[in-house]
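A closer look at the structure
This is what each chain is made of:
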Amino acid sequence: MVFYRDPQVNTEEMLSIIRNGLGISKVQKKIIVVGAGMSGLVAASLLKAAGHDVTVLEATQRVGGRIFTMREPFMDGMYLDVGAMRIPHTHPLVLEYIKKFRLKVNEFRNTTPQDLIFANGIKINRTIYQQNPDILRYPVAPHEKGKTAEELLTMAIKPVADFINQNPAQNWNIIVREFDRYPMSFFLRYNPVGPSLSPGALESIKVLLGLEGFPELSFPAILRELLPLFSPDIHFYEVEGGNDKLPNAFLPQLKEDLYFGYQMTKIEQDPQQVTIHARHTLSQKPLTVSGDLAILTIPFSLLSFVEIVPRQSFSPNKWKAIRELHYVSSTKIGLQFKQRFWEREGLQGGKLMTDLPIRFAAYPSHLIGSSGSGIIMASYTWEDDTLSWDNLKEGDRIRNALDNLAVVHGNQVYEYFLTGASHSWSQYPFSGGAFSMFKPNQETELFPFIPVPEGRVHFAGDHTSLAPGWIEGAIQSGIRVAREVTDLPRSY
């Protein structure tokens, strides 16, 4: 399976910056960072260490952005990562910060031979499915029989993968140029370079690989971001005690510079300075901060509501990107049970893939074998699959997720159920979606302009990288923007 490497990212240089910093800046400035997600924290940390006067505005009462570890209403010290939940071993910058802060990690068991599949009314595990893929009765073409969803997908993308592997730095760009206009499902159904898949094969891929919510998104974007999840060569980690321990590790250095609860409402810039206007989300108290530069890390889905003065200080191409960049909706539902009944069924980590509305469930990789309670991420949906859940009230989401789990695990789920909670990223007022992912033509038309500064305003966030939706992309962008601004003059 192909792993994407952004040719513009010098990983060794970025690792060195994490370890050693940027060095003291020749031109120390007052810099305003908007957003205390990972990109904002990384940029603020590096710039403060370089001698700059840094102010960080954060609309919520916590750091981390879309690293969000939910601890309430769960009991017994249990938690659920409703945002970023797994760290691939191929993401060295995240692992370097984990090492820097001396955090402990567990293996995140993304998949196991015992993974459950419940589709077309049939319940089996991954091992049985791999031995006889036709058991699920998907109406595949004769030449597709006997192949798993992973094998069908690999067969379809093999010409592209082989081409990329010949020269990744050069050939990824060619793939984007040639195929950015293709939605994922269209490419697989009417393959321009390899075997096309039947509707039945495509259905099995969407259900069993968790891609059912993504058919309209760009083929290269899906290839780059999601397919490594299904590689047999990849393994994952999670931070012991919850992934929010990573952003919280920045607090000792930055707590004096952080203003919690302040949401940006207006950006003004002139030849001498940039001014950020904000309002407290509870008290409505206004706050105005001026500086030499501002770094915006918030999603473009939220930036569209911010007044920009003068409007022409942002280029037409930036405005187009702010309006059009697509953000993926995503909803997670966690259910806590007083006994870890799934472990008695041989499920130690791993997942459930199903055509039931919950679509995808994950069994906890931590505390395996313990006698206490545990939390199943009972539903993880994306895009169109979230709509039926987001229309429900919280109690109805939990009840329906419990009912879906009961179809797979039986009525014991009702006996052992303690509590549950959900989080919809599209309905969360501080994100406007889970992460950005390109629609067809957006990478070629929008991305070149997304990270480009506009006067005194600079941009970071995973959406400004080619690893959106991953902590790695956020860190890449935070290091890039810190390096970009540290030695800039105060006036230019």
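Residues numbered from 1 in each chain as written. Predicted model: local features only at pLDDT ≥ 70, side-chain atom pairs only at ≥ 80, totals over all residues. Heavy atoms only, no water.

1. What to know about the nonpolar core
The following threshold applies: Put simply, a nonpolar core is a bunch of buried Ala, Val, Leu, Ile, Met, Phe, Trp, Tyr and Cys residues held in one set by side-chain atoms that sit within 4.5 Å of each other. For the exposure calls, accessible area comes from a 1.4 Å probe over protein chains only, and a residue counts as buried if that area is under 20% of its type's maximum, exposed if over 50%, partly exposed in between. Working definition: helices are DSSP H or I runs of at least four residues, strands are E runs of at least two. Numbering for both runs from the N terminus. Here, residues are in contact when the closest pair of their heavy atoms is within 4.5 Å.
Among the nonpolar cores identified, the biggest contains 93 residues, and Ile267, Leu303 and Phe314 are the most heavily contacted of them. Looking at which element gives the most residues to this core, the answer is helix α5 (residues 149-166), with seven residues. Apart from the residues lying within four places of it in its own chain, the contact partners of Phe314 are Ile267, Gln269, Leu296, Leu303, Ile308, Trp319, Ile322, Glu454, Val457 and Phe459. Among the nonpolar cores identified, the runner-up in size contains 39 residues, and Val54, Phe250, Ile295 and Val481 belong to it.

2. Some details on empty space enclosed by the protein
For clarity, the threshold we go by: Here a cavity means grid points, on a 1 Å grid over the protein atoms only, where a 1.4 Å probe fits yet cannot get out; a pocket means an open set of points with protein on both sides within 12 Å along at least five of seven lines; lining residues are those with an atom within 4 Å of a point. Grid points are joined across faces, edges and corners, and a volume is the space filled by probe spheres set on the points. Gly is put with the polar residues, along with every residue not named as nonpolar or charged; the nonpolar set is Ala, Val, Leu, Ile, Met, Phe, Trp, Tyr, Cys and Pro, and the charged set is Asp, Glu, Lys and Arg.
Applying the stated criterion to the full structure yields five cavities of 30 Å³ or more. Quantified by volume, the largest cavity comes out at close to 180 Å³. What lines the largest cavity is a set of 13 residues, among which Leu80, Phe108, Glu238, Pro364 and His366 lie closest to the centre. Among the elements of the structure, β4 (80-81) and β20 (374-382) are those that each provide at least two residues to the lining of the largest cavity. Its residues assigned to classes, the lining of the largest cavity comprises nine nonpolar, two polar and two charged.

3. Thoughts on the packing of aromatic side chains
We count it as follows: Each pair of aromatic rings taken from Phe, Tyr and Trp, with Trp reduced to its six-membered ring, is defined by centres within 6.5 Å and is described as stacked if the planes are under 30 degrees apart, edge-to-face if over 60, and tilted in the remaining cases. Two thresholds decide whether a charge sits over a ring: the Lys NZ or Arg CZ must be within 6 Å of the ring centre and within 35 degrees of the ring normal.
Tallied over the entire structure, the rule returns 28 aromatic pairs. Measuring from ring centre to ring centre gives 6.0 Å for Phe438 and Phe447, while their planes differ by 75°; the resulting arrangement is edge-to-face. For Phe447, a relative accessible area of 10% gives the class buried. Among the aromatic residues, ring-to-ring pairing joins Phe179, Tyr182, Phe186, Phe187, Tyr190 and Phe219 into one connected group. Directly above the aromatic system of Tyr79 lies the positively charged group of Arg71, at a separation of 5.3 Å from the ring centroid. Positioned over the ring face of Trp319 is Arg311, at 3.9 Å from the centre of the ring.

4. As for helix α8 (residues 199-208)
The element α8 is extensively covered by neighbouring structure, given that seven of its 10 residues are classed as buried. For α8, the set of buried residues is Gly200, Ala201, Leu202, Ser204, Ile205, Val207 and Leu208. The positive-phi residue at the C-terminal boundary of α8 is Gly210, with phi of around 70°.

5. Some words on the UniProt feature "binding site: substrate" (unreviewed entry) in the chain
Counted only if it meets this: UniProt positions are given in the numbering used here, feature names are shortened, and annotations may be inferred rather than shown by experiment.
Using the residue numbers shown here, the UniProt feature "binding site: substrate" (unreviewed entry) corresponds to Arg86. Within the secondary structure layout, Arg86 lies in the loop between β4 and β5 (87-88). Taking relative accessible area as the criterion, Arg86 reaches 11% and is therefore assigned buried.

6. Points about the pairing of strand β17 (residues 330-337)
Test applied: Two strands are said to pair when DSSP picks up at least two bridges between them.
Of all the eight residues making up β17, eight are buried; the element is thus mostly covered by neighbouring parts of the structure. Neither face of β17 is exposed, since Ser330, Lys332, Gly334 and Gln336 on one face and Thr331, Ile333, Leu335 and Phe337 on the opposite face are all buried. Of the pairings in the sheet, the one linking β17 to strand β21 (residues 417-424) comprises seven bridges and is antiparallel in character. Opposite Gln336, over in β21, you have Thr419 as the bridge partner.

7. A word on the sheet that holds β5
Pairing in this open sheet of three strands is antiparallel, and the strands run β5-β9-β6 from one edge to the other. Only two strands of the sheet have a single partner each, and these edge strands are β5 and β6 (105-108). As paired strands, β5 and strand β9 (residues 236-239) are joined by two bridges and run antiparallel to one another. From the neighbouring strand, Ile87 faces β9, where its bridge partner is Tyr237.

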